[in-house]
Amino acid sequence: MKIEKVFTAQALAKGGRDGHVSSANQVLDLDLSTPKEMGGPGKAGATNPEQLFAAGYAACFEGALGVAARQAHVKLEGVTVEAFIGFGKAEDGGYGISADLHVNIPNVEQAQAEQLVEAAHGICPYSRATRGNIEVSLSTTTNPA
């Protein structure tokens, strides 16, 4: 699929999973460390690619949810999206990731909240990029904020 770019993010990684990442504008400037669960040092104060992906996916999905809500003429307040990115062995013997998105939409009926989450899943660029490539599960709640 070809897209007409309106923005390009740029980041530089040095040293792989135990290195450093920074964005071109220097707003993102982070040390990386492989988690202990993956056989790494799990250094305090460092992040990893899965946490960065989780943060990006959660933020993007909430933005897409806002688009879906506007299209459905629904006002949202206090929404949260929590992304869990799993890392492990894939069926083919290589490594892979999975994504579990927990979306909470307060003050909306459960059925409508689920419809909005499904619509957002169709809109979100991260969801579109992962569709058919990794397992993505969605859970929707309507707990008060």
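Preceding this paragraph is the structure being described.
These lines cover the structure that appears in this document, whether it is placed above or below. (Residues numbered from 1 in each chain as written. Predicted model: local features only at pLDDT ≥ 70, side-chain atom pairs only at ≥ 80, totals over all residues. Heavy atoms only, no water.)

## Regarding the overall build of the protein
Along the backbone of the protein there are 3 helices and 6 strands. The principal-axis extents of the C-alpha atoms in the protein amount to approximately 45 × 35 × 35 Å. Restricting to contacts in the protein with at least 6 residues of sequence separation, those with at least 24 account for 50%. Carbon and sulfur atoms make up 53% of the accessible area of the protein, which amounts to about 9500 Å² in all. (Helix = DSSP H or I, 4+ residues; strand = E, 2+ residues; numbered from the N terminus. Contact = heavy atoms within 4.5 Å. Areas by Shrake-Rupley, 256 points an atom, 1.4 Å probe, with all protein chains shown as cover.)

## Topic: the sheet that holds strand β2 (residues 20–23)
With respect to topology, 3 strands assemble into an open sheet ordered β1-β2-β3, the strand pairing being antiparallel. One side of each edge strand has no neighbouring strand; the edge strands of this open sheet are β1 (11–14) and β3 (29–31). Across the sheet, the axes of successive neighbouring strands diverge by a mean angle of 10°, strand direction being ignored. Relative to β3, β2 is paired through 3 bridges, and the arrangement is antiparallel. Within β3, the residue paired with Val-21 across the bridge is Leu-30. (Pairing = 2+ DSSP bridges. Axes fitted to C-alpha atoms, helices over the stretch in contact; angles between N-to-C directions.)

## Some points on a nonpolar patch on the surface
On the surface, a nonpolar cluster with roughly 300 Å² of combined accessible area is contributed by Phe-87, Tyr-95 and Ile-97. With respect to the helices and strands, the residue Tyr-95 is situated in strand β5 (residues 95–104). For Tyr-95, a relative accessible area of 59% puts it in the exposed group. (Patch = residues over 30% accessible without salt bridge, like charges linked within 9 Å, V, L, I, M, F, W, Y side chains within 5 Å. Salt bridge = Lys/Arg side-chain N within 4 Å of Asp/Glu carboxyl O. Buried < 20%, exposed > 50% of the residue type's maximum accessible area, 1.4 Å probe, protein only.)

## Some words on helix α2 (residues 110–123)
The first and last C-alpha atoms of α2 sit 20 Å apart over 14 residues, in line with the 20 Å expected at 1.5 Å per residue. Every buried residue of α2 is listed here: Ala-113, Leu-116, Val-117, Ala-120 and His-121. Along the axis of α2, the buried residues cluster in a sector spanning 140°; they form a single face. Set apart from the buried face of α2 by more than 90 degrees, the exposed residues are Ala-111 and Gln-115. Contacts from the buried residues of α2 go to α1 (49–71), β5, α3 (125–130) and β6 (135–141). (Expected span 1.5 Å × (residues − 1). Arc of directions from axis to C-beta.)

## Details of unusual backbone geometry
Backbone geometry at His-73 places phi at a positive 60°, although glycine is not the residue there. Relative to the assigned elements, His-73 resides in the loop between α1 and β4 (80–89). His-73 gets classed as exposed once you look at its relative accessible area, which sits at 75%. Unlike most non-glycine residues, Asn-107 shows phi in positive territory, near 65°. Mapped onto the elements of the fold, Asn-107 is located in the loop between β5 and α2. Assessed through its relative accessible area of 73%, Asn-107 is described here as exposed.

## Let's talk about the sheet that holds β5
With mixed pairing, the 3 strands of this open sheet are ordered in space as β4-β5-β6. Looking at the sheet topology across the chains shown, the edges are occupied by β4 and β6. Pairwise comparison of adjacent strand axes, ignoring direction, gives a mean angle of 15° for this sheet. In this structure, β5 lies alongside β6, joined through 7 bridges in parallel fashion. Opposite Asp-100, over in β6, you have Ser-137 as the bridge partner. Strand contacts of α1: β4, β5 and β6, with the helix running at about 140° to β4, the strand carrying the most contacts.

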